[in-house]
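# Structural overview
One letter stands for each residue in the lines below.
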Amino acid sequence: MTATKFAVAGGQPAFDTQIPVGQLYFPNWERYEAAVKGIFKRRYYTNQGPLVQELEVQLQQMLGVKHVICVVNATVGLMMAAEALELRGKVILPSFTFLASAQSLSWAGLEPVFCDVNPVTHQIDVAKIKPLITESVSAIMAVNLWGGASDVEALRKLADEAGKKLYFDSAHAFGCEINGKRIGCFGELEVMSFHATKMLSATEGGCICTNDDAIAAKLRNIRSSYGAGAPATVVKTSNGRMSEFQAAIALLNLEDFEGNRTNNENTFLKYQQHLAGIPGVRLIRPSGVSRSNYQYIVCEINSDQFGLSRQQLLDVLKAENINARRYFFPGVHKSIEFSSLYNQQNNPLPITESLCETCLQLPVGALLDINDVEVICDLIRNAQRHSADLRNYLGSVSI
Ligand code: T4K
């Protein structure tokens, strides 16, 4: 292949249609139709209907956790979590995450304290949490990224010693296990996302998992002003209810979860095989778990070794109709809301800063034909080989 064959240089794109980046699983239409017929027959759209109840029971069994509270999405779930845990003041969390993790704190009147992440695993760096703990910190929110997990044991020990609460944004971690124990069982509670681009899709949706009866009762009352389950005194209520249509999709996708997980794992292995040896490309293996959902395919691009910056490689792939992404950019600490809080001198976040510039997400999920992985990897390998020529087509963007 020569540089002129690349779409960015005027060649034919490798794919006719866009290859999306998320999971995006669409269950069998007939099964969905039957589920919707049931909703119409019962004439019951929402408010803790039978499908939501069924989903909660199935998730409790699958995750081995006492309570699953289904919600409208994980962002609202995280806001509800802060209220149920009665958090005050500040919460320590990584900045290398989706904006919603930190903004859930703003909605709850809390202030984020950003902690750097581990350069190898991308999970919150437990050693860097301790110096950030002060009297005004009420909790640690760890984010389990990329189908991997934070060091849950070290976090538990640290939180207990400091007398702080511990909870997890596990939006990426549905179906993952740590030493045989499903994610969902750790900390005071965990919040999962069932967004369309996630491992278990409810189109929009999520759930909160906890083994604590009192927290569960509060969450069920915070979820809806009319309450559900055991009565509990709560100050604020919300509308975090999941509808029957969301639950119908989630239940169907749950049936197909194992097949989708295996497909993701095979996709990861194929990327691992075909990206091997490309200078400047490091594929991230989900860490801290005994079983991953392989929800994301994450690479770091070292521009000195690769010859193109992460953004330049994204531009090359985009022209080929490959919708690779740069989660997370910019770091949450640089977003409009939080940039004034972030003090580079007092609390530097060098790893986060670097990852925001170098991380790349590649396509994975049910809509990806696994044979296309080889095509994508060949394009990346050739982009590296022809990086000097390609830079001419990509204009003056510096590496
Ligand atoms: N915590 C963490 C760590 C998170 O990553 C997230 C969400 C949350 C909390 C909050 O969870 P939720 O409140 O969302 O439940 C996506 C998702 O919207 C978001 O759920 C996710 N994280 C975030 C990392 O990514 P985008 O902006 O990448 O999605 P979008 O619309 O660009 O879609 C991605 C690709 O998929 C595009 O190529 C379009 C395609 N697509 C998408 C949808 C939804 C389709 O072809 N069909 C579709 O139906 O945000």
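Below is a summary of the structure that appears in this document. Throughout this description, residue numbers start from 1 for each chain and increase along the sequence as written. Confidence filtering applies because this is a predicted model: local features only for residues at pLDDT of at least 70, side-chain atom pairs given and counted only at 80 or more, and all residues used for totals across whole chains, interfaces and linings. Note that the side-chain values use all heavy atoms of the structure and ignore hydrogens as well as water.

Moving on: the overall build of the protein chain. Counting from the N terminus, the helices are DSSP H or I runs at least four residues long and the strands are E runs at least two residues long. Along the backbone of the protein chain there are 13 helices and 12 strands. Taken over C-alpha atoms, the radius of gyration is set against a globule rule of 2.2 Å times the number of residues to the power 0.38. The C-alpha atoms of the protein chain give a radius of gyration of 22 Å, which matches the 21 Å a tight globule of 399 residues would have. Projected onto its principal axes, the C-alpha positions of the protein chain cover 70 × 55 × 35 Å. When a residue's accessible area, from a 1.4 Å probe over protein chains only, is under 20% of the maximum for its type it is buried; when over 50% it is exposed; and in between it is partly exposed. Buried residues in the protein chain amount to 56% of all 399 residues. Residue pairs in contact within the protein chain that sit at least 24 positions apart in sequence constitute 72% of those at least 6 positions apart. Residues count as neighbours in contact if any of their non-hydrogen atoms are within 4.5 Å of one another.

Next up on the list: the pattern of salt bridges. When a carboxyl oxygen of Asp or Glu is within 4 Å of a side-chain nitrogen of Lys or Arg, the pair counts as a salt bridge. In this structure the tally under the stated criterion is 17 salt bridges. Between R223 and E56 there is a salt bridge, with its nearest N and O atoms 2.9 Å apart. Placement of R223 in the loop between α6 (213–222) and α7 (244–255) and of E56 in helix α2 (residues 50–63) is noted, with a sequence separation of 167 residues between them. Linking R291 and E258 is a salt bridge whose minimum nitrogen-to-oxygen distance equals 2.7 Å. With R291 in the loop between β10 (281–283) and β11 (297–301) and E258 in helix α8 (residues 257–275), this pair connects stretches of sequence that are 33 residues apart. The partly exposed category is assigned to R291, whose relative accessible area is 22%.

Buriedness of a pocket was judged along seven lines, with at least five required to meet protein on both sides within 12 Å; pockets are open sets of points on a 1 Å grid over the protein atoms alone, cavities are sets where a 1.4 Å probe fits but cannot get out, and lining residues have an atom within 4 Å of a point. Grid points are joined across faces, edges and corners, and a volume is the space filled by probe spheres set on the points. Approximately 360 Å³ is the volume found for the largest pocket. What lines the largest pocket is a set of 22 residues, and nearest its centre among them are F98, A100, S193, H195 and K198. For the lining of the largest pocket, the element with the highest residue contribution is helix α3 (residues 74–84), accounting for 3 residues. Looking at side-chain class alone, the lining of the largest pocket contains 10 nonpolar, 9 polar and 3 charged residues. For the purposes of this description, domain bounds are those given by an automatic or database domain assignment. Built from parts of two domains, the lining of the largest pocket gets at least three residues from each of domain 1 (3–22 + 257–394) and domain 2 (29–255). Each residue is assigned to one of three groups, with Ala, Val, Leu, Ile, Met, Phe, Trp, Tyr, Cys and Pro labelled nonpolar, Asp, Glu, Lys and Arg labelled charged, and all others, Gly among them, labelled polar.

So, on to α7. In this analysis, the expected span of each helix is defined as 1.5 Å times one less than the number of residues it contains. Compared with an ideal rise of 1.5 Å per residue, which puts 12 residues at 16 Å, α7 spans 17 Å between its outermost C-alpha atoms and is within 8% of the ideal. The buried count for α7 comes to 10 of 12 residues, which makes it a mostly enclosed element. If you check which residues of α7 are buried, you get E244, Q246, A247, A248, I249, A250, L251, L252, N253 and L254. Against the buried residues of α7 lie α1 (29–42), α2 and α8. The backbone nitrogen of F245 has a side-chain oxygen 3.3 Å away, supplied by the residue at the start of α7, namely S243. We call two N or O atoms a polar contact when they sit within 3.5 Å, provided that within protein one can donate a hydrogen and the other can accept it, with sequence-adjacent residues counted only if both atoms are side-chain atoms.

A separate point is the site of the ligand. Neighbouring the ligand are 21 residues, the closest being T75, D169, S193, N323 and Y327. In the environment of the ligand, an oxygen atom lies 3.3 Å from a nitrogen or oxygen atom belonging to the side chain of H195. One of the side-chain N or O atoms of R325 is found 3.0 Å from an oxygen atom in the ligand. Each accessible area is a Shrake-Rupley result for a 1.4 Å probe, and residues are judged covered by the shown protein chains and nothing else. Against a free-state accessible area of 920 Å², the protein chains account for coverage of 74% of the ligand. Grid points define the cavity or pocket, and a molecule sits in it when more than half of its atoms lie within 2 Å of them. According to the grid-proximity analysis, the pocket containing the ligand is the largest pocket. The nearness test applies per residue and asks whether one of its heavy atoms lies within 4 Å of the molecule or strand.

Moving on, we get to α8. Spanning 19 residues, α8 covers 27 Å between terminal C-alpha atoms, matching the ideal 27 Å at 1.5 Å per step. Positive phi appears at G277, one or two residues downstream of α8, with a value of about 85°.

What follows is about the pairing of strand β12 (residues 359–362). Looking along a regular strand, one sees the side chains alternate between the two faces of the sheet. Residue alternation in β12 divides its side chains into two sets, C359 and Q361 and L360 and L362, and both sets are buried. Pairing geometry for β11 and β12, over 4 bridges, is antiparallel. Its bridge partner lying in β12, E300 is registered against C359. Note on pairing: two strands pair once DSSP finds at least 2 bridges between them.

For the rest of this paragraph, the subject is the sheet that holds β12. Across a sheet, paired strands are connected by hydrogen bonds in the backbone, their directions being either parallel or antiparallel. Pairing within the open sheet is antiparallel, and its 3 strands lie in the order β10-β11-β12. The outermost strands of the open sheet, each flanked by one partner alone, are β10 and β12. Geometrically, the sheet is characterised by an average inter-axis angle of 30° between neighbouring strands, direction not taken into account. Bridge analysis of β10 against β11 gives 3 bridges, and the strand direction is antiparallel. The axes used here are C-alpha line fits, helices contributing only the stretch in contact, and every angle between their N-to-C directions lies in the interval 0 to 180 degrees.

In short, shape yes, function no, at least from these values alone.
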